[in-house]
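Structural overview
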Protein chains: 2
Amino acid sequence: MSSIPKIVILGAGYGGVLTSLRLQKELNYNEADVTLVNKHDYHYITTHLHMPAAGTDNPENARVNISKLIDEFKIDFVKSTVVQIRPQDRKVILEDGTLSYDYLVIGLGGEPETFGIPGLLENAMNIRSINSVRLIREHIEYQFARFKREPHRTDYLTFVVGGAGFTGIEFIGELSDRIPELCKQFDVDPSLVKIYNIEAAPTALPGFDPELVEYAMEVLRKKGVTFRIGTAIKECTPDGVIVGDGEEIRSQTVIWTGGIRGNRLIEEAGFETMRGRVKVDEFMRAPGHENIYILGDNSLVFNPEGRPYPPTAQIAMQAGVNCAHNLVASIRNQPLKGFAYSNKGTVASLGKGEAIGIAFGKKYKGRVAAWLKKAIDLRYLFIIGGIPLVLRKGKFL
Amino acid sequence: MSSIPKIVILGAGYGGVLTSLRLQKELNYNEADVTLVNKHDYHYITTHLHMPAAGTDNPENARVNISKLIDEFKIDFVKSTVVQIRPQDRKVILEDGTLSYDYLVIGLGGEPETFGIPGLLENAMNIRSINSVRLIREHIEYQFARFKREPHRTDYLTFVVGGAGFTGIEFIGELSDRIPELCKQFDVDPSLVKIYNIEAAPTALPGFDPELVEYAMEVLRKKGVTFRIGTAIKECTPDGVIVGDGEEIRSQTVIWTGGIRGNRLIEEAGFETMRGRVKVDEFMRAPGHENIYILGDNSLVFNPEGRPYPPTAQIAMQAGVNCAHNLVASIRNQPLKGFAYSNKGTVASLGKGEAIGIAFGKKYKGRVAAWLKKAIDLRYLFIIGGIPLVLRKGKFL
């Protein structure tokens, strides 16, 4: 039996990668045995996935091999899928093995929240992984090719994006840039293409500055997007969506970006959840489990006013840094540090050269906001992989 | 009423384009009124379509705008689809109009011959136009993307090519080059991909030199192709094909290259046909119609031994040249010239750097044959569009 504490990190998303990188830096030799588990041997940059999904960038620019990020002399990497978490046994069951732990970090990412809308799970696609965005990209191109062979099928050229949150808005920004290229490539009359953005909430980008939201919608409307705000999707079928008062929008392509809930593994492990998420303590630990940290989409973190923060890359990264600090502190029997989220600003891209954002307490839009977005993306690459990664993956910016 | 004879050319394939180009050169000012009718405003290089179908070349390299080929001061161009040919009225009915003629040249191209195999028309794709090959290309890529989301569906990675004639063999040559690229792009284990080439005849490339056929099959086998020669497709379903003794090959991608028959418009016009083709007279005219020439896939031309020549690009081009000569001769009341096919050689590509062929009475294989193929393709570009076209479209060679 080893007396070195064993830390297992599930998921190489924003939270898991930042925890790993910080542990790698802060832990001394033989102070802990750290294992990172991930389904793929790469990390993907979720906030960049809207581009390869629309086909405006190569999916390769949205992923980084884990071997390029972590030092395998310091952290073990296991490529596997988590099947079950057993807090009572301090074990994690993998598809092809078992890992026991002293400390567990859960950064597994969420699942699409369909709010019980019938057919959404079966008939809509999601922007959530390299594989899913490659599917969306190929699916969209395929519809253009199919239309040329069956020119009466205008539903091949109708694209429905459910949800006008960040992912939905950023995706339609790219899609509306991509459509003219596809029309040219496939000899399709651009006036036949329809892009709908459907949102049940009374506004796009709920919670964002209303002036910037109006600006964003105007930019996207000019690119041909039809907004249906305050309109719920009632059902998604193989032929399209039924909205509001029963109107059918016929479409072969429905992309659902309307919500994320916690991973079902969290509930199955017996943690108490709200929409699949765990209301973590001030140190980001699961209540009643001093050795289990939960980061990212699976945790609920409240702001000082008592409202939950939206689960963003930014908060997951900060949580990862805090988690690594507390793991080291625990091992060294030092006091833990409470998590305090510091909002560095938020920028949403609207396609090439257009964005909106709030940073340093100021509003930005247009080209300046687009530059800010690039700076944020480059900063992330720098944080996780330093200059070499910026040079390798930063070309798309 | 004009006293100038009116020539209408239906179809801008090999036969129609060569007829047009020669008429443009040989006719004097006001000697005839020539109209070329085509469904698209571009000519496509049918013998090159196997590359964009597999995705090894851009479809743009397989088409040429008709405006770049014909001189619109000399020849009128009408972009429309032929609906009916009425020899008794000397009229052609178009989707959006009517054309009357004194001389008619039919170069409309053929249709896939399915030999009555159930489900082939509905479930298989064909390599026959820019739109159809763009569909095939996108369809293939889409299967890789779908597989990554449903990894138990190995039928997404099974590709069935029906027919081992020239088109089938050239296509699988390209496809087997493309598969490793797609596997890399989509992180797919290449050993999961299957390519079947199914041919009912007792040999691949029937009528071709057996030694070269064996060489071709060996090259393709090494690239991962499984041949099922002497095996008939009994049925094509949405799930794949049923072959020979009832065996099912599950596949989401069936490409049928097994045969071409004449265009249904020919039969509907009242011409006597054999498998949709008209046994033309020595001048390539429809029997009983001194003013109607039929070229390419819709004509049956017999060799001196009484066997029909296969309908190739080469024969269609020579027929076009002969036809233009005879049209000019008719107008000038000069004697017509009988058509005599001169086989300049035949080369089949097998993918990058590999081909087989017979030319100048000699057999060629490997890199030399691949060069010959390129030379033939460049020669064609030169014939129809001169040096400018060679420079513009010849890059792929």
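Residues numbered from 1 in each chain as written. Chains lettered and ligands numbered in written order. Predicted model: local features only at pLDDT ≥ 70, side-chain atom pairs only at ≥ 80, totals over all residues. Heavy atoms only, no water.

For the record, the criterion: UniProt positions are given in the numbering used here, feature names are shortened, and annotations may be inferred rather than shown by experiment.
Chain A has the name NAD(P)/FAD-dependent oxidoreductase in an unreviewed UniProt entry, where Cohnella faecalis is given as its organism. Entered under Sequence similarities (unreviewed entry) in the UniProt record, the comment concerning chain A runs "Belongs to the NADH dehydrogenase family." In UniProt, chain A has this text filed under Cofactor (unreviewed entry): "FAD".

1. Quick notes on the pairing of strand β13 (residues 225-229) of chain A
Residues and elements named next belong to chain A. Under the convention used in this document: Whether two strands pair depends on DSSP finding at least two bridges between them. Helix and strand definitions follow DSSP, with helices as H or I runs of at least four residues and strands as E runs of at least two, each counted in order from the N terminus. Assignment of crossover handedness uses the view with strands pointing away from the viewer, where a clockwise path from the first strand over the helix to the second indicates a right-handed crossover.
In terms of strand pairing, strand β12 (residues 194-199) meets β13 through five bridges, oriented parallel. For Ile195, the partnering residue across the bridge sits in β13 and is Val225. Considered for its hand, the β-α-β crossover made up of β12, helix α7 (residues 210-222) and β13 is right-handed.

2. Comments concerning the relation of the copies chain B and chain A
One copy of the chain maps onto the second through a rotation about an axis and a displacement along it. Which entries qualify depends on this criterion: Our superposition of the copies is a least-squares fit, built on the C-alpha atoms of residues whose pLDDT is at least 70 in both. Whether two residues are in contact is decided by their heavy atoms, any of which lying within 4.5 Å being enough.
You can overlay chain B on chain A at an RMSD of 0.0 Å; the transform is a turn of 180° with a shift of 0.0 Å along its axis. Those values place the two copies in the arrangement expected of a two-fold rotation axis. When the interface residues of chain B are mapped onto chain A, 100% of them again lie at the interface, so the same face is used by both copies.

3. Comments concerning the packing of helix α1 (residues 14-26) of chain B against helix α10 (residues 367-393) of chain B
Residues and elements named next belong to chain B. Short version of the rule: Helix axes are fitted to C-alpha atoms over the stretch in contact, other axes to C-alpha atoms as well, and angles between N-to-C directions run from 0 to 180 degrees. Small angles under 35 degrees read as roughly parallel and large ones over 145 as roughly antiparallel, with 65 to 115 read as roughly perpendicular and the rest as oblique.
Look at α1 against α10: their axes get within 10 Å of each other, and the N-to-C directions meet at 45°. With respect to α10, the axis of α1 lies oblique. Between α1, through Tyr14, Val17, Leu18 and Leu21, and α10, the contact on the second element is made entirely by Tyr380, Ile383 and Ile384.

4. Let's talk about the pattern of salt bridges
The test is simple: Criterion for a salt bridge: a side-chain nitrogen of Lys or Arg within 4 Å of a carboxyl oxygen of Asp or Glu. To sort residues, take the accessible area from a 1.4 Å probe on protein chains only and compare it with the maximum for the residue type: under 20% means buried, over 50% means exposed, and anything in between is partly exposed.
In this structure the tally under the stated criterion is 52 salt bridges over all chains. The partner of Asp281 of chain A in a salt bridge is Arg285 of chain A, with the nearest N and O atoms 3.0 Å apart. Classification of Asp281 of chain A as partly exposed rests on a relative accessible area of 25%. The salt bridge partner of Glu218 of chain B is Arg221 of chain B, with a shortest N-O separation of 2.9 Å. Highlighted residues: Glu218 of chain B and Arg221 of chain B, both in helix α7 (residues 210-222), separated by three residues, approximately one helical turn. Within this structure, Glu60, Arg63 and Arg134 of chain A together with Asp187 of chain B form a network of salt bridges that share partners.

5. Remarks on the interface of chain B and chain A
What counts is decided by this rule: A simple way to read buried area is as the amount of 1.4 Å-probe accessible surface that goes missing from two parts once joined, with both sides added. Here a polar contact is taken to be a pair of N or O atoms separated by no more than 3.5 Å, where protein atoms must pair a possible hydrogen donor with a possible acceptor and residues adjacent in sequence count only if both atoms sit in side chains.
At the interface, 19 residues of chain B touch 19 residues of chain A. When chain B packs against chain A, close to 1,800 Å² is buried across both sides, 51% of that on carbon and sulfur atoms. Per-residue buried area on chain B facing chain A is highest for Glu138, Tyr142 and Arg149 of chain B; these three make up 35% of the total on that side. Among the salt bridges present, the one from Asp187 of chain A reaches Arg63 of chain B, with a minimum N-O distance of 2.7 Å. Taken together, chain B and chain A are joined by ten residue pairs in polar contact (both at pLDDT 80 or more). Looking at which element gives the most residues to the side of chain B that touches chain A, the answer is helix α5 (residues 130-149) of chain B, with twelve residues.

6. Structural notes on the UniProt feature "domain: FAD/NAD(P)-binding" (unreviewed entry) in chain A
As recorded in UniProt, the sites labelled "domain: FAD/NAD(P)-binding" (unreviewed entry) are residues 6-320 of chain A. Annotation note: span residues 6-320 of chain A, helix share 30%, strand share 26%, distance between end C-alpha atoms 17 Å.

7. Topic: the domain arrangement of chain A
Accessible area lost on assembly of the parts is the figure often given for the size of an interface. The condition is simple: Source of the domain bounds: an automatic or database domain assignment.
Domains assigned within chain A are domain 1 (6-39 + 80-110 + 262-334) and domain 2 (120-258). One C-alpha centre belongs to domain 1 of chain A, the other to domain 2 of chain A; they are set 34 Å apart.

8. Quick word on the packing of aromatic side chains
The condition is simple: Working definition: rings of Phe, Tyr and Trp (its six-membered ring) pair if their centres are within 6.5 Å, and the pair is stacked with planes under 30 degrees apart, edge-to-face with planes over 60 apart, and tilted otherwise. Two conditions define a charge located above a ring, namely a distance within 6 Å from the ring centre to NZ of Lys or CZ of Arg, and an angle within 35 degrees of the ring normal.
Tallied over the entire structure, the rule returns 13 aromatic pairs over all chains. Pairing Phe144 of chain A with Phe186 of chain A gives two aromatic rings, centres 6.0 Å apart and planes at 35°, and the pair type is tilted. Of this pair, Phe144 of chain A sits in helix α5 (residues 130-149) while Phe186 of chain A sits in helix α6 (residues 166-186), and the two are 42 residues apart along the sequence. Taken as a pair, Phe144 of chain A and Phe186 of chain A share a single burial class, namely buried. Ring plane angle 80° and centroid distance 5.6 Å describe the contact between Phe166 of chain A and Phe208 of chain A, whose orientation is recorded as edge-to-face. Pair noted here: Phe166 of chain A is in helix α6 and Phe208 of chain A is in the loop between β12 and α7, with a separation of 42 residues, a long-range link. Overall, the relative accessible area of 30% leaves Phe166 of chain A in the partly exposed class. An aromatic cluster of at least three residues, connected via ring pairs, comprises Phe144, Phe159 and Phe186 of chain A. One cation-aromatic arrangement involves Arg63 of chain B over Tyr42 of chain B; the distance from NZ or CZ to the ring centre is 4.5 Å.

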